[in-house]
Amino acid sequence: LLKRFGRNSGRTANAIGWFAQMLSAQGRHSESASLARSQLDIYRAQGAPSNSLKVAFARGLIADALVAQKKWAAAVAEFGKIEQALHDDKIYSNQFFGAKPMRPIAFLMAGHVDKGVQAAQQIERWYRFLGREHYDYAEAAGILAMAQATSGQHQEALSGFTQSVPILLQSSRRSNRDGTSAVIQ
């Protein structure tokens, strides 16, 4: 790939991004973050603006890897860079952050409870169209319940957990029964 397209080509950056995602799925988050930083470097070398889709996705990979490594402050900072870059495009910003469940976790764990609750509400709204029985919606509702519990909204949190946990457990049991991995897509 490098020989054919060069280090700073878009194809090389895309391949690095896919590889970073695979490493993250394997739990190799430090390596994933390093590759995502390389991808970001390529986009910078190409002159991609900070508010481009590709730059946001590369930064998102970095932020998710930082959350997985429990580097809360660094993850919040990375999400902040994305938020700043996408500030002028509210539609895309809502879509991007609506599909980023690690963001509210980073806020909550870094002590930014109000921002964590807002981010969790955004994710719950994003996945609502899937229906209450869908795994991804249940995950989003569980994250919102976690945020509510952290902020002292115990009744709302209990309701959210009561709704989401059985769906999450059912999906987990089904994946274990049919021999697939415990990670549900």
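Here's a quick rundown of the structure.

The rules behind each value
- Residues numbered from 1 in each chain as written.
- Predicted model: local features only at pLDDT ≥ 70, side-chain atom pairs only at ≥ 80, totals over all residues.
- Heavy atoms only, no water.
- Helix = DSSP H or I, 4+ residues; strand = E, 2+ residues; numbered from the N terminus.
- Buried < 20%, exposed > 50% of the residue type's maximum accessible area, 1.4 Å probe, protein only.
- Contact = heavy atoms within 4.5 Å.
- Core = buried A, V, L, I, M, F, W, Y, C linked by side-chain atoms within 4.5 Å.
- Expected span 1.5 Å × (residues − 1).
- Salt bridge = Lys/Arg side-chain N within 4 Å of Asp/Glu carboxyl O.
- Axes fitted to C-alpha atoms, helices over the stretch in contact; angles between N-to-C directions.
- Parallel < 35°, antiparallel > 145°, perpendicular 65-115°, else oblique.
- Left-handed = near helix turned anticlockwise from the far one by under 90°.
- Nonpolar A, V, L, I, M, F, W, Y, C, P; charged D, E, K, R; others polar.
- Polar contact = N/O pair within 3.5 Å; in protein donor to acceptor, adjacent residues only side chain to side chain.

## Considering the overall build of the protein
Part 1 of the reasoning: For the protein, the count of helices and strands is 10 helices and 0 strands.
Part 2 of the reasoning: Counting helices and strands in the order they occur from the N terminus, the protein gives α-α-α-α-α-α-α-α-α-α.
Part 3 of the reasoning: Counting only residues that meet the buried cut, the protein has 40% of its 185 residues in that class.
Part 4 of the reasoning: A separation of at least 24 residues holds for 50% of the contacts in the protein among residues at least 6 apart in sequence.

## Brief notes about the nonpolar core
Within soluble globular proteins, side chains that are nonpolar generally end up buried alongside one another.
Part 1 of the reasoning: Counting residues in each nonpolar core, the largest one holds 35 residues, and the members touching the most others are Val67, Phe79, Ile82, Leu86, Phe96 and Ala106.
Part 2 of the reasoning: Looking at this core, the elements with two or more residues in it are helix 2 (10–25), helix 3 (29–46), helix 4 (53–68), helix 5 (72–85), helix 6 (90–98), helix 7 (102–109), helix 8 (113–127) and helix 9 (135–150).
Part 3 of the reasoning: Residues within four places of phenylalanine 79 in sequence aside, it is in contact with Ala63, Asp64, Val67, Phe97, Lys100, Met102, Arg103 and Ala106.
Part 4 of the reasoning: By size, the runner-up hydrophobic cluster in this structure holds 5 residues, among which are Tyr127, Tyr137, Ala140 and Ala141.

## A short note on helix 5
Part 1 of the reasoning: In this model, helix 5 (14 residues) spans 20 Å end to end at C-alpha, consistent with the 20 Å of a helix rising 1.5 Å per residue.
Part 2 of the reasoning: Buried within helix 5 we find Ala75, Val76, Glu78, Phe79, Ile82 and Ala85.
Part 3 of the reasoning: Buried residues belonging to helix 5 abut helix 4, helix 6 and helix 7.

## Things to note about the pattern of salt bridges
Part 1 of the reasoning: In the structure shown here, the tally under the stated rule is 7 salt bridges.
Part 2 of the reasoning: One salt bridge in this structure joins glutamate 83 and arginine 103, with 3.2 Å as the shortest N-O distance. Note that glutamate 83 is positioned in helix 5 and arginine 103 in helix 7, a separation of 20 residues in sequence.
Part 3 of the reasoning: By relative accessible area, glutamate 83 is classed as partly exposed at 34%.
Part 4 of the reasoning: Look at arginine 103 and you get buried, because its relative accessible area is 8%.
Part 5 of the reasoning: Measuring nitrogen to oxygen at the nearest pair gives 2.5 Å for the salt bridge that ties arginine 128 to glutamate 124.
Part 6 of the reasoning: Exposure remark for glutamate 124: the relative accessible area of 8% places this residue in the buried category.
Part 7 of the reasoning: Here the residues in one salt-bridge network are Arg59, Glu78 and Lys81, joined through shared partners.

## Structural notes on the packing of helix 8 against helix 9
Part 1 of the reasoning: At a minimum axis distance of 8 Å, the contact between helix 8 and helix 9 shows a crossing angle of 160°. In terms of orientation, helix 8 and helix 9 fall into the roughly antiparallel class. For the crossing formed where helix 8 meets helix 9, the hand is left-handed. When helix 8 is examined against helix 9, the residues Val113, Gly116, Val117, Ala120, Gln121, Ile123, Glu124 and Tyr127 are found in contact with a partner set consisting of Asp136, Tyr137, Ala140, Ala141, Ile143, Leu144, Ala147 and Thr150.
Part 2 of the reasoning: Counted by class, the contact of helix 8 with helix 9 contains 11 nonpolar, 3 polar and 2 charged residues.

## What about the environment of proline 101?
Part 1 of the reasoning: With respect to the element layout, proline 101 can be found in the loop between helix 6 and helix 7.
Part 2 of the reasoning: Here the alpha-carbon distance between proline 101 and aspartate 64, two residues 37 residues apart in the chain, equals 8.9 Å.

## Section: unusual backbone geometry
Part 1 of the reasoning: Phi is positive for lysine 70, which is not a glycine, with a value near 65°.
Part 2 of the reasoning: Of note, lysine 70 is situated in the loop between helix 4 and helix 5.
Part 3 of the reasoning: By relative accessible area, which is 61% here, lysine 70 ends up exposed.

## With respect to the side chain of glutamine 39
Part 1 of the reasoning: Looking at where glutamine 39 falls in the secondary structure, it is placed in helix 3.
Part 2 of the reasoning: For glutamine 39, a relative accessible area of 6% corresponds to the buried category.
Part 3 of the reasoning: A polar contact is formed between the side chain of glutamine 39 and the backbone oxygen of alanine 13, at a distance of 3.1 Å.
Part 4 of the reasoning: Ignoring any residue separated from it by four or fewer positions in sequence, one finds glutamine 39 in contact with Ala13, Asn14, Ile16, Gly17, Ala58 and Leu61.

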